[in-house]
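# Structure at a glance
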Amino acid sequence: PRVGAMPADTIEYTNKLYHDGKKILVEGANATMLDIDFGTYPFVTSSNPSVGSVLTGLGVSPDKVRGIYGTVKAYCTRVGEGPFPTELIPD
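Notes on the structure follow. Numbering of residues starts from 1 in every chain and runs along the sequence as written. Only residues with pLDDT of at least 70 get local features here, since the model is predicted, and only at 80 or more are side-chain atom pairs given and counted; chain-wide, interface and lining totals rely on the full set of residues. Side-chain calculation: all heavy atoms of the structure are included, whereas hydrogens and water are not.

This part takes up the overall build of the protein chain. Counting secondary structure elements, the protein chain contains two helices and zero strands. Considering only intrachain contacts with a sequence separation of at least 6, the fraction spanning at least 24 residues in the protein chain is 37%. A total accessible area of about 7,800 Å² is found for the protein chain, and carbon and sulfur atoms account for 59% of it. Secondary structure elements are taken from DSSP: a helix is a run of H or I of four residues or more, a strand is a run of E of two residues or more, and numbering for both begins at the N terminus. Note on definitions: a residue-residue contact is assigned when non-hydrogen atoms from the two residues lie within 4.5 Å. Here the accessible surface of atoms and residues is derived via Shrake-Rupley with a 1.4 Å probe, and residues count as covered only by protein chains that are part of the display.

Structure, rendered in structure tokens:
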């Protein structure tokens, strides 16, 4: 379809899916280290990609959340500039 047919009010769309009994999967790729509020400022993104911002970003009430599944890794990685918290620097 043409791009003009794709834009939608995502708050309305997401809540309609919920009311229709659909399952909604949300993915946040950047995670906490790049979160503007909880990340390694100033080397952060301009948004809140951690799980708490799913509700505000989608306009979904917290009482609608039925489960949260998280995937984590045991180390931090960084692309570009900024601190690298898991880097070991010899004395």
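Following Tyr-41, the chain continues to Pro-42 via a peptide bond in cis, the omega torsion being 10 degrees. Tracing the backbone through its elements, the reader meets Pro-42 in the loop between α1 (10–19) and α2 (53–58).

Turning to the pattern of salt bridges, a few remarks are in order. Salt bridges are defined as contacts in which a side-chain nitrogen from Lys or Arg sits within 4 Å of a carboxyl oxygen from Asp or Glu. A complete count under the given rule lists one salt bridge for this structure. Salt-bridge contacts for Lys-16 lead to Asp-20; the nearest nitrogen and oxygen are separated by 2.6 Å.

Now for a nonpolar patch on the surface. Like charges are joined within 9 Å and nonpolar side chains (Val, Leu, Ile, Met, Phe, Trp, Tyr) within 5 Å, but only among residues with over 30% relative accessible area and no salt bridge; these make up the patches. Side chains of Val-51, Val-65 and Ile-68 sit close together on the surface and give an oily, nonpolar patch of about 270 Å² of accessible area. Within the secondary structure, Val-65 is located in the segment after α2.

A word on α1. The distance from a side-chain oxygen at the start of α1 to the backbone nitrogen of Ile-11 is 3.1 Å, and the residue carrying that oxygen is Asp-9. Positioned one or two residues after α1, Gly-21 has a phi angle of 80 degrees, which is positive. Think of a polar contact as two N or O atoms within 3.5 Å of one another; within protein, one of them needs to be a possible hydrogen donor and the other a possible acceptor, and neighboring residues in sequence only count if both atoms come from side chains.

Attention shifts here to the environment of Lys-64. Inspection of the secondary structure assignment puts Lys-64 in the segment after α2. Look at Lys-64 and you get buried, because its relative accessible area is 17%. Residues Lys-64 and Tyr-18, 46 residues apart in the sequence, show an inter-C-alpha distance of 7.9 Å. Beyond its immediate chain neighbours, meaning those up to four positions away, Lys-64 contacts Asn-15, Tyr-18 and His-19. Remark: exposure states derive from per-residue accessible area (1.4 Å probe, protein chains only) relative to the maximum for the residue type, with buried under 20%, exposed over 50%, and partly exposed in between.

Next up on the list: the environment of Leu-58. Tracing the backbone through its elements, the reader meets Leu-58 in helix α2. Sequence separation between Leu-58 and Glu-12 is 46 residues, and the spatial gap between their C-alpha atoms is 9.1 Å. Once residues within four sequence positions are removed from consideration, Leu-58 is found in contact with Thr-10, Ile-11, Thr-14, Asn-15 and Val-26.

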